[in-house]
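# Per-entry structural report
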Amino acid sequence: MGINKRMLGLGSKRSIIREIFEYSKVRGAEIGPERVFDFSLGNPSVPAPAELNATVRELLDSESSVALHGYTSAQGDAGVRGVIAESIKARFGVDMPRDLIYMTCGAAASLSISLSAIVEDGSDEVVVLAPFFTEYRVFVENAGAKLVISTPCEGTLQPDIADLEAKIGKNTVAIIVNSPNNPSGVVYTREKLDALCELLRKKSKEYGRAIYLIADEPYRELVYSGVEVPYLMNLYDDTVVCYSYSKSLSLPGERIGYIAVCPRASDASELYLAICGAGRSLGYVCAPSLFQRVIAKCQGLSVDVNVYRENRDILYNALTEYGFECVKPDGAFYLFVKSPSGDAYELYERAKRHELLIVPCDDFGVTGYVRIAYCVDKERVVNSLPAFKALGEEYRG
Ligand code: PLP
């Protein structure tokens, strides 16, 4: 058969999140959509800022469509990259040249390109911190490396530095750090990140080459209670930031983001050229032109995170009151809940009988947890509480 078997496998493998989403539509048709509480998808519920939509209209009305819809440079429009470089400098104090920025179709593309630019051969390993976004396995393996999972600290789900030390070896070429985290909502503390970066420096020295830190940051701006999200380039030179506007500006369907290579990284210019090469080989050239221009005019804008904060507070307070053990999320829009029986699928099935659709997370690198994506209308959150209460009572017998 003239078909790539690995790709066939990837295309055929069921995704639990998609499956739940499809079930939600069928069930909604049966009993009414308002009676199904779907918390499966990480699709932002807060609209993009009104100023952003106004910018799209203005651009469409004022610029020539040939320029607006035409190709930009493969790595993105130089003016747009200049604006982003300035914004990084202003916000984080990093002297970022625009020639180390590569415009992409969102964080998924940023990660795939960065991994392909770094991974050299089949013995290379990329470490991920559990719990982790399940697509990392696809991206890492597609780049030709082996995925190595570091388990987190029990209870807090912060990185466990001792475990990480054991997982980094002579074949480690990169580590992916995602904070605020999907699926836990945890924001890694400065203390943990300092220790992690110190360890990377020690290991890089030991092996005589850089271990790159890939910072996956689509949720950077979605934080509550003024919690700090340290900028990793300021903690570790060999950092590549994979950014996306999918969540911070609620633009997941527009596919726009960027890669920024730290100017102090070892071989920064060569790494950037390898990123250009990886983008070219994967077909990720010239990110959507219109939205490159839009985001250049919308730096500094963000969605109203209070909407997510309110949902978080309602759900976290209620679920802990009903007897569930939850990790209090400081960011993103996910609540990570421990299954009282220790079995994530059992909790998922029981919840489903109460019309609560939540995601069992064993594939995210830790067992026994479910993820509640609370990027939904407040009404759905409030209306779901009696079902969560009944579920809690069921467990308490
Ligand atoms: N990384 C994480 C942690 C995510 O949660 C997501 C999407 O949910 C992505 C990357 C991919 O984001 P994008 O839509 O920008 O490709």
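The following refers to the structure shown. Just so it is clear, the structure is predicted and the values come from calculations on it, not from any experiment.

### Remarks on the site of the ligand
Not every one of the 14 residues close to the ligand is listed here, only the nearest: N182, D216, Y219, S244 and R255. N182 places a polar side-chain atom, nitrogen or oxygen, 2.8 Å from an oxygen atom of the ligand. Here an oxygen atom of the ligand and a side-chain polar atom of S246 are 2.8 Å apart. Coverage of the ligand by the protein chains reaches 91% of its 400 Å² of free accessible surface. Top contributing element to the shell around the ligand by residue count: helix 6 (residues 106–118), with 3 residues. Looking at side-chain class alone, the shell around the ligand contains 6 nonpolar, 5 polar and 3 charged residues.

### Topic: the packing of helix 13 (residues 344–353) against helix 14 (residues 378–396)
Put simply, helix 13 and helix 14 touch, their axes get as near as 10 Å, and they point 125° apart. The orientation of helix 13 relative to helix 14 falls into the category oblique. At the point where helix 13 passes helix 14, the crossing takes the right-handed sense. Two secondary-structure elements touch here, helix 13 through E346, L347, R350 and A351 and helix 14 through L391, E394 and Y395. Residue classes in the contact of helix 13 with helix 14 are distributed as 4 nonpolar, no polar and 3 charged.

### Considering the pattern of salt bridges
Enumeration according to the criterion identifies 21 salt bridges in this entry. For the salt bridge of D95 with K89, the shortest nitrogen-to-oxygen distance reads 3.4 Å. The class for K89 is partly exposed, based on a relative accessible area of 40%. The salt bridge involving K202 is made with E165; its shortest N-O contact spans 2.7 Å. Taken together, the residues K202 in helix 9 (residues 190–207) and E165 in helix 8 (residues 161–167) connect sequence positions 37 residues apart. Its relative accessible area of 43% is what places K202 among the partly exposed residues. Taking relative accessible area as the criterion, E165 reaches 31% and is therefore assigned partly exposed. One salt-bridge network, held together by shared partners, links R27, E30 and E355.

### Things to note about the nonpolar core
In terms of nonpolar packing, the biggest core is built from 102 residues, with I88, L196 and L213 touching the most fellow members. Viewed by domain, this core spans two of them, domain 1 (5–48 + 304–396) and domain 2 (51–297), each represented by three or more residues. Other than its neighbours up to four places away in sequence, I88 contacts G93, V94, M96, I101, Y231, Y258 and A260. Core analysis: the second largest hydrophobic core is formed by 37 residues, L335, V337, A344 and L347 among them.

Conventions adopted
Here the residue index of a chain counts from 1 through its sequence in written order. Where local features are concerned, this predicted model is filtered to residues with pLDDT of at least 70; where side-chain atom pairs are given and counted, the filter is 80 or more; whole-chain, interface and lining totals use all residues. Working from all heavy atoms in the structure, the side-chain values ignore hydrogens and water. In this text, near means that some heavy atom of the residue lies within 4 Å of the molecule or strand in question. Here a polar contact is recorded for every N or O atom pair within 3.5 Å, except that within protein the pair must consist of a potential hydrogen donor and a potential acceptor, and residues adjacent in sequence are included only if both atoms are side-chain atoms. Where accessible areas are quoted, they stem from the Shrake-Rupley method and a 1.4 Å probe; at the residue level, only the protein chains shown are allowed to cover. The helix count covers DSSP runs of H or I at least four residues long, the strand count covers runs of E at least two residues long, and both are numbered beginning at the N terminus. Note on residue classes: Ala, Val, Leu, Ile, Met, Phe, Trp, Tyr, Cys and Pro are nonpolar, Asp, Glu, Lys and Arg are charged, and everything else, Gly too, is polar. Convention adopted: a line fitted to C-alpha atoms gives each axis, helices being fitted over their contacting stretch, and angles between N-to-C directions are expressed from 0 to 180 degrees. For classification purposes, angles smaller than 35 degrees are called roughly parallel, those larger than 145 roughly antiparallel, those between 65 and 115 roughly perpendicular, and all remaining angles oblique. Each crossing gets its hand from how the near helix is turned against the far one by less than a right angle, where anticlockwise is left-handed and clockwise is right-handed. It only takes one pair of heavy atoms within 4.5 Å for two residues to be counted as in contact. Each reported salt bridge corresponds to a side-chain nitrogen of Lys or Arg within 4 Å of a carboxyl oxygen of Asp or Glu. Buried means the residue's accessible area, taken with a 1.4 Å probe over protein chains only, is under 20% of the maximum for its type, while exposed means over 50%, and partly exposed covers the values in between. What is meant by a nonpolar core is a set of buried Ala, Val, Leu, Ile, Met, Phe, Trp, Tyr and Cys residues, joined one to another through side-chain atoms within 4.5 Å. The split into domains, and so the bounds of each, comes from an automatic or database assignment of domains.

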